[in-house]
Amino acid sequence: MAEFTLRLRRYDPESGDAAYWEEHTIDLEPHRSVLEGILQAKNRDDGSIGIRCSCRAAICGSCGVRINGRPDLACHTHLDHAKKHSSDGVIEVEPMGNMPVIKDLIVDMEAVHWKKIRRVTPWLIPKQPVPEREYVVPREAMVDVTQSMACIQCGACVSDCLSMEVDPEFIGPAALAKAYRFVGDPRDDQHFERLQDLAEDPHGIYDCTHCFQCIDACPKGVAPMSQIMRLRRLAGNDFAIEDRNNGERHEAAFVSLVKQYGLLNEAELLPRSYGGDTPLAKFKPSAAAELTSSLPAIAKALLRRKVTPAAVFKPHKLAPADRAEVKRIYETVEGRDERVEFNIYISGRDEDLT
Amino acid sequence: MKVAYWPGCVSRGFTPELHGSMAKIAPLLDIELVALDRASCCGAGVIAEHNPELADTLNARTFALAQQAEGTALMMNICSTCQGAQSECQERLDASAEYRAKINETLAADGLTYETGLSNKNFLWLLVEEMGLDELRSRVVRPLTDLRVGPFYGCYIVRPVTRLGIDDAHPRDAYLGQVIEALGGTVTDYAGAHKCCGFPIITMNKDASLKQAGRHLGDAVDAGADCLVTPCPLCHLNLDLQQPLAERVVGRDLGMPVLHLPQLVGLALGVSPSELGLQRHVVKPTSVIDWTTSVVGEVGAPSAGG
């Protein structure tokens, strides 16, 4: 038995009072979970502590909370581990972010998470014609989608999504991982329609800011951001969807500028992301409007010699021999009949196999 | 210490003061930079998003060039995004001998091969892990006394934690604070230190992107920071270059100077602000920090400080 102190975030909307912190001392063995600690405090000290839980075995996804500022399942975090990673020896537990609080540690999953999940048509639309017996699909494709199928809908990734923090309309990591579960499934009939929908939505796949928060937040290894990047790859490359959000254009411009110069030419990247992958992009109305609105920043950068005219008109690039090497790499890799995607989740690591 | 030095693209393009300040302070830290000037852009995650094999091959070429750089202990970068993008490729390359052989097949035409075992560290990691904070402290000639500095890491250098080797023995997500203190400065705690600057979506959702930058800058203002310091030039673009636009989006004045890590180190090592290119920033640190009274201010006039 050991003594631990929990600092719980309490909030009761019916009281009219603001949220506040409250400390509880509990006695449990160090390997027991934070959830058991909260339940002991609830049973011993104050029955009104609000916490949602069910399986207590990291399968049902009910007890998502923030522990010491990071999202996790309360039943999946040992007390000694939580204490070790606290700032002052007190285990801090608060409700998840990006969702309204119903009471204490319970957030309104319906208002945010489930609405977004429904947004992506979270069911299989069978490929036609439906075979008489079962669909025959490659093993790798099924192993691949098991990564997003591992999601237990706990909302940890939604809680700490940094895009959603500033844009609540962002479809978000959990729902987009769910979308990949069907886009990556060879039995689904609507890959193009799903991708077009998610690429054209201003809050869809191109609204992800690539911050890796969801990858670290997920207690099940779903890696939602990796699934979002694959949705982009499929939308932009394989289905050639030119979205209204500059997503495909930005990627195409970036990739072709590095092919041309070996290094990134930032001055060209911006206009081409808006106007398309051509040196004339800056004269297109969409790019011109954007550049005009950025003019104050550009002018100041030029004034301070942060950005020099030389950097704009004579961009840095590799020596000709190295540019040729880079170009040859591009031609070899992009010339393959089928894109090679080495995915550690599917293939594993050499050291795991021995 | 001799390192294979990868400066990245933006540090030589839109934030030239970053590469410039690194070159200035390297001799003061006894770091010999062997520039990888044949290496290509790391792809910043965008090339990997387009075609992972392409990003892996380009970066394997960079790693191979670094392994050829004679007498170097490791490869060093000065950009969070390079660190993260290259670590991602290296993770795949190191995971499978079969995949690595396929990539090396492409490189073979130019006589290059990548072998596992290359250590690639950001300047921040190098300062703490290779040089050591005590050694850094001993080289400080003008401690940043009374300077309140907010750390801003950049996503690529703090997540995912396992890929980036962040654990109890290597708290790399706390190194900026340790370096600020070693330089004599005071760390300002604020909400945004490990958050996203918004730069990756600046062309896709400008409003959300600038809201991110504006929010973190505002949090730092409210926490009383004099300036931010970042190891990431892309964060610098959104936090400094775009700060006037971010001010408009969040509807408040910010005026928060953002320093590159080598600039902050350089100030403490006694290099003058102008040699470090501080006057090149959109938000001039010189206009915000009181250079006449703070100890840092003496850096601007070394004769006065003796």
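Everything numeric in this text was worked out from a predicted model, so none of it was measured.

*Asks:* With reference to specific residues and values, describe the packing of helix H8 (residues 191–200) of chain A against helix H10 (residues 224–238) of chain A.
*Replies:* Residue and element names in this part refer to chain A. It is at 10 Å that the axes of H8 and H10 come closest, and there the two elements cross at 105 degrees. Considering their axes alone, H8 and H10 lie roughly perpendicular with respect to each other. Across the interface between the two elements, Leu195, Leu198 and Ala199 from H8 touch Leu231, Leu234 and Ala235 from H10. Of the residues that constitute the contact of H8 with H10, the class distribution is 6 nonpolar, no polar and no charged.

*Asks:* Residues and numbers for the sheet that holds strand S3 (residues 64–67) of chain A, please.
*Replies:* Residue and element names in this part refer to chain A. On the basis of which strands lie adjacent, the open sheet formed by 5 strands has the order S2-S1-S5-S3-S4 and mixed pairing. Two strands lie at the open edges of the sheet, namely strand S2 (20–28) and strand S4 (70–73), each paired on one side alone. The average angle at which neighbouring strand axes cross in this sheet is 35 degrees, direction not considered. Those strands touched by helix H1 (residues 34–44) are strand S1 (2–10), S2, S3 and strand S5 (91–94), and its axis lies near 100 degrees from that of S2.

*Asks:* Give a description of a negative patch on the surface that names residues and reports values.
*Replies:* A cluster of like negative charges, contributed by A:Asp350, A:Glu351, A:Asp352 and B:Glu98, occupies part of the molecular surface. In terms of residues, the negative patch owes the most to one element, helix H18 (residues 350–353) of chain A, which gives 3 residues. For A:Asp350, the position within the fold is in helix H18.

*Asks:* Can you explain helix H7 (residues 173–183) of chain A? Please cite residues and give values.
*Replies:* The buried fraction of H7(A) amounts to 11 of the 11 residues, a majority that puts the element mostly inside the structure. Along H7(A), the residues that are buried comprise A:Pro173, A:Ala174, A:Ala175, A:Leu176, A:Ala177, A:Lys178, A:Ala179, A:Tyr180, A:Arg181, A:Phe182 and A:Val183.

*Asks:* Please set out helix H5 (residues 97–108) of chain B residue by residue, giving values where relevant.
*Replies:* End to end, H5(B) covers 16 Å across 12 residues, agreeing with the expected 16 Å (1.5 Å per residue, within 8%). Every buried residue of H5(B) is listed here: B:Tyr99, B:Arg100, B:Ile103, B:Asn104, B:Thr106 and B:Leu107. When H5(B) is viewed along its axis, its buried side chains cluster within an angular range of 150 degrees and face the same direction. Those residues of H5(B) that are exposed and angled more than 90 degrees off the buried face are B:Glu98 and B:Glu105. The elements touched by buried residues of H5(B) are helix H16 (320–334) of chain A together with helix H3 (52–68) and helix H4 (80–95) of chain B.

*Asks:* Could you give an account of the domain arrangement of chain A, with specific residues and numbers?
*Replies:* Residue and element names in this part refer to chain A. Domain boundaries in chain A define domain 1 (2–107), domain 2 (110–244) and domain 3 (247–335). For domain 1 and domain 2, the distance between their C-alpha centroids amounts to 30 Å. Each partner contributes to the interface: domain 1 provides 16 residues, whereas domain 2 provides 17 residues. Buried surface at the junction of domain 1 and domain 2, both sides included, amounts to about 1200 Å², of which 56% is carbon and sulfur. Among the residues of domain 1 in contact with domain 2, Pro71, Asn98 and Met99 are the three that bury the most area, contributing 44% of the side total. Our count for the contact surface shared by domain 1 and domain 2 stands at 1 salt bridge.

*Asks:* I'd like a description of the environment of B:Arg280, backed by residues and values.
*Replies:* Relative to the helices and strands, B:Arg280 resides in the loop between helix H12 (261–268) and helix H13 (285–288). The spacing of B:Arg280 and B:Val258 is 22 residues in sequence and 11 Å in space, taken between C-alpha atoms. Leave out the neighbours within four places in its chain, and B:Arg280 touches A:Arg304, A:Arg305, A:Lys306, B:Pro16 and B:Glu17.

*Asks:* Break down unusual backbone geometry for me, with residues and values.
*Replies:* With an omega of -10 degrees, the peptide bond running from A:Gln128 to A:Pro129 counts as cis. Along the chain, A:Pro129 turns up in the loop between helix H3 (110–119) and helix H4 (139–149). Cis geometry marks the peptide bond from B:Arg159 to B:Pro160; its omega dihedral reads -10 degrees. On the secondary structure map, B:Pro160 appears in the loop between strand S5 (148–151) and helix H8 (175–182).

*Asks:* Please give an account of the sheet that holds S5(B) that cites residues and values.
*Replies:* Residues and elements named next belong to chain B. Pairing is parallel in the open sheet, where 4 strands are placed in the order S6-S5-S7-S8. With partners counted over all chains shown, the strands left at the sheet margins are strand S6 (186–187) and strand S8 (258–260), one partner each. Of the strands in this sheet, S5, strand S7 (227–230) and S8 touch H12, which is tilted by about 85 degrees from S8.

*Asks:* With reference to specific residues and values, describe the interface of chain A and chain B.
*Replies:* Every contact between the two is made by 71 residues of chain A and, on the other side, 78 residues of chain B. At the boundary of chain A with chain B, total buried surface from both sides reaches about 6500 Å², with 57% on carbon and sulfur atoms. When the area that chain A buries against chain B is broken down by residue, the three leading residues are A:Arg304, A:Lys306 and A:Phe342, summing to 12%. At the junction of chain A and chain B, the tally comes to 12 salt bridges. With a shortest N-O distance of 2.9 Å, B:Arg61 and A:Glu325 are connected by a salt bridge. Across the contact surface, chain A and chain B share 29 residue pairs in polar contact (both at pLDDT 80 or more). In terms of residues, the side of chain A that touches chain B owes the most to one element, H16(A), which gives 9 residues. Of the residues in the side of chain A that touches chain B, the class split is 30 nonpolar, 17 polar and 24 charged.

Parameters and conventions
Residues numbered from 1 in each chain as written. Chains lettered and ligands numbered in written order. Predicted model: local features only at pLDDT ≥ 70, side-chain atom pairs only at ≥ 80, totals over all residues. Heavy atoms only, no water. Axes fitted to C-alpha atoms, helices over the stretch in contact; angles between N-to-C directions. Helix = DSSP H or I, 4+ residues; strand = E, 2+ residues; numbered from the N terminus. Parallel < 35°, antiparallel > 145°, perpendicular 65-115°, else oblique. Contact = heavy atoms within 4.5 Å. Nonpolar A, V, L, I, M, F, W, Y, C, P; charged D, E, K, R; others polar. Pairing = 2+ DSSP bridges. Patch = residues over 30% accessible without salt bridge, like charges linked within 9 Å, V, L, I, M, F, W, Y side chains within 5 Å. Areas by Shrake-Rupley, 256 points an atom, 1.4 Å probe, with all protein chains shown as cover. Salt bridge = Lys/Arg side-chain N within 4 Å of Asp/Glu carboxyl O. Lys, Arg positive; Asp, Glu negative; His and termini not counted. Charge placed at Lys NZ, Arg CZ, Asp CG, Glu CD. Buried < 20%, exposed > 50% of the residue type's maximum accessible area, 1.4 Å probe, protein only. Expected span 1.5 Å × (residues − 1). Arc of directions from axis to C-beta. Domains from an automatic or database assignment. Buried area = accessible area lost by both parts, 1.4 Å probe. Polar contact = N/O pair within 3.5 Å; in protein donor to acceptor, adjacent residues only side chain to side chain.

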